[in-house]
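Summary of the model geometry
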Amino acid sequence: MDPTQDLAQLQLETLAVRAGTHRSQFNEHSEALYLTSSFVFDNAAQAAARFSGEEPGNVYARFTNPTVSALQERLAALEGAESCVATASGMSAILALAMALLQAGDHIVCSRGVFGATQQLFGGILSRFGLRTTFVATTDLAAYRAAMEASTRLVFIETPSNPLTEVVDIAALADIAHAGGALLAVDNCFCSPALQLPLRLGADVVVHSATKYLDGQGRVLGGAVLGSRAIGEEVLRFLRTAGPTLSPFNAWIILKGLETLRIRMQAQSAAALELASWLETRPWIDRVYYPGLESHPQHALAMRQQSAGGAIVSFEVKGGREEAWRLIDATRVLSITANLGDTKSTITHPSTTTHGRISAEAREAAGIRENLIRVAVGLEGQQDLRADLERWMA
Ligand SMILES: *Cc1c(COP(=O)(O)O)cnc(C)c1O
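Residues numbered from 1 in each chain as written. Predicted model: local features only at pLDDT ≥ 70, side-chain atom pairs only at ≥ 80, totals over all residues. Heavy atoms only, no water.

A few words now on the pattern of salt bridges. In total, this model carries 14 salt bridges according to the counting rule given. Here arginine 386 makes a salt bridge to glutamate 274, at a shortest N to O gap of 3.8 Å. Linking arginine 386 in helix H15 (residues 382–390) with glutamate 274 in helix H11 (residues 261–280), this pair joins segments that are 112 residues apart in sequence. Here the residues in one salt-bridge network are Glu31, Arg74, Lys256 and Glu259, joined through shared partners. (Salt bridge = Lys/Arg side-chain N within 4 Å of Asp/Glu carboxyl O. Helix = DSSP H or I, 4+ residues; strand = E, 2+ residues; numbered from the N terminus.)

Written out as structure tokens, the structure reads:
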């Protein structure tokens, strides 16, 4: 695609397959994979100019690589961001964000319903470096407002949350963060830009675990930080110095994954809604958590800020851990794994896996009960998924 073309005028579907394409002298149709750790200069003067930054261009793959750049350009176009910096994983994106924007003495307000490793990063590791974090109830805007301090620089959320699919009002929270002089960062992993555009809603930063829906086929780890040019420069400064850069191979996989992101997210969301609606009719079910259901407490908000409910469905079976494990163990199609964002559906028991390391009291407070099961819906047939989830009743 002609890089001078105004990307903002193109539809998301078009950007997903066209943005970031720069052909080499061979005029390849599919994007090239540049497996090289360093780049050669024409002469010593050019080397000097590249190193000093006077001349733009590649130097070393810890700084930039054309395949990684292509992914960054495409993902930035999809999220509507000025800049995108790709990272080795979702967690290194969150680490890079904190390292780039914060310093000792700063305070973070974080929703309680974030990814387990994010909780440990903010609440544990970063606290050793003088960064304090207050965790607040995920959907309670008053709690965020109350948690803001003079030194609060970052408000960090995930929406919908894992595994209870709680939805945070991004626009309202952006106002709260900005009123307190803080930035709002949204982990957009569960929706991806195909379903939700946090920057459009007022957020300052989006982070991704590209490991999930962006790749979409469970092949590689990756991550990204998206936001203004100034934020991108700070994040890149940290990355090129500290090193958790995305590998070109992983970038290439994710770049190709983006081409089918929208149709995957639409198909997987539609399948999740169908499955969630069916689950609500089952006699062995206590409760279903899915933003696309009218029974979801924030259904209206979810439908306002997302274009579909996403592909994560959680539910409580009647009974406790024994019944939940029996259901999981009887499945033959679903994969018993904690990963998500794959074309293959996965099933997990959050209270003994992803949330197994937090105390029973904290788990109870977060509403993650022993009878809770999370399904990340993939692309299998609906009848096969239903039969699999009911096999334990046979
Ligand atoms: C998986 C995940 C992460 C961490 O991503 P990695 O690529 O595994 O490092 C962060 N946030 C959310 C919401 C996730 O699901």
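In a regular helix each residue adds 1.5 Å, so 14 residues correspond to 20 Å; helix H9 (residues 229–242) covers 20 Å between its end C-alpha atoms and thus fits that length. All of the buried residues in H9 are Ile231, Gly232, Val235, Phe238 and Leu239. Summarising the axial view, the buried residues of H9 lie within an arc of 130°, below the 170-degree limit, and thus occupy one face. Residues Ala230 and Thr241 are exposed on H9 and point more than 90 degrees away from its buried face. Structurally, H9 contributes buried residues whose contacts are with strand S1 (83–87), helix H4 (90–101), strand S5 (183–187), strand S6 (205–209) and strand S7 (223–227). In the segment just after H9, glycine 243 is the residue with positive phi, at about 105°. (Expected span 1.5 Å × (residues − 1). Buried < 20%, exposed > 50% of the residue type's maximum accessible area, 1.4 Å probe, protein only. Arc of directions from axis to C-beta. Contact = heavy atoms within 4.5 Å.)

So, on to the sheet that holds S7. With mixed pairing, seven strands are arranged side by side in an open sheet as S1-S7-S6-S5-S4-S2-S3. Here the strands that pair on one side only, and so sit at the sheet edges, are S1 and strand S3 (132–136). Strand-to-strand twist in this sheet, taken as the mean axis angle between neighbours without regard to direction, amounts to 20°. Docked against the sheet, helix H3 (residues 66–79) engages S1, S6 and S7, running at close to 130° with respect to S1. Against the sheet, helix H7 (residues 170–179) engages strand S4 (152–158) and S5, with an angle of about 145° to S5. (Pairing = 2+ DSSP bridges. Axes fitted to C-alpha atoms, helices over the stretch in contact; angles between N-to-C directions.)

Further remarks concern the site of the ligand. Neighbouring residues of the ligand: Ser89, Gly90, Met91, Phe115, Glu158, Asp187, Cys189, Ser209, Thr211, Lys212 and Gly222. At 2.6 Å, a side-chain N or O of lysine 212 approaches an oxygen atom of the ligand. Of the residues in the shell around the ligand, the class split is three nonpolar, five polar and three charged. (Near = heavy atom within 4 Å. Polar contact = N/O pair within 3.5 Å; in protein donor to acceptor, adjacent residues only side chain to side chain. Nonpolar A, V, L, I, M, F, W, Y, C, P; charged D, E, K, R; others polar.)

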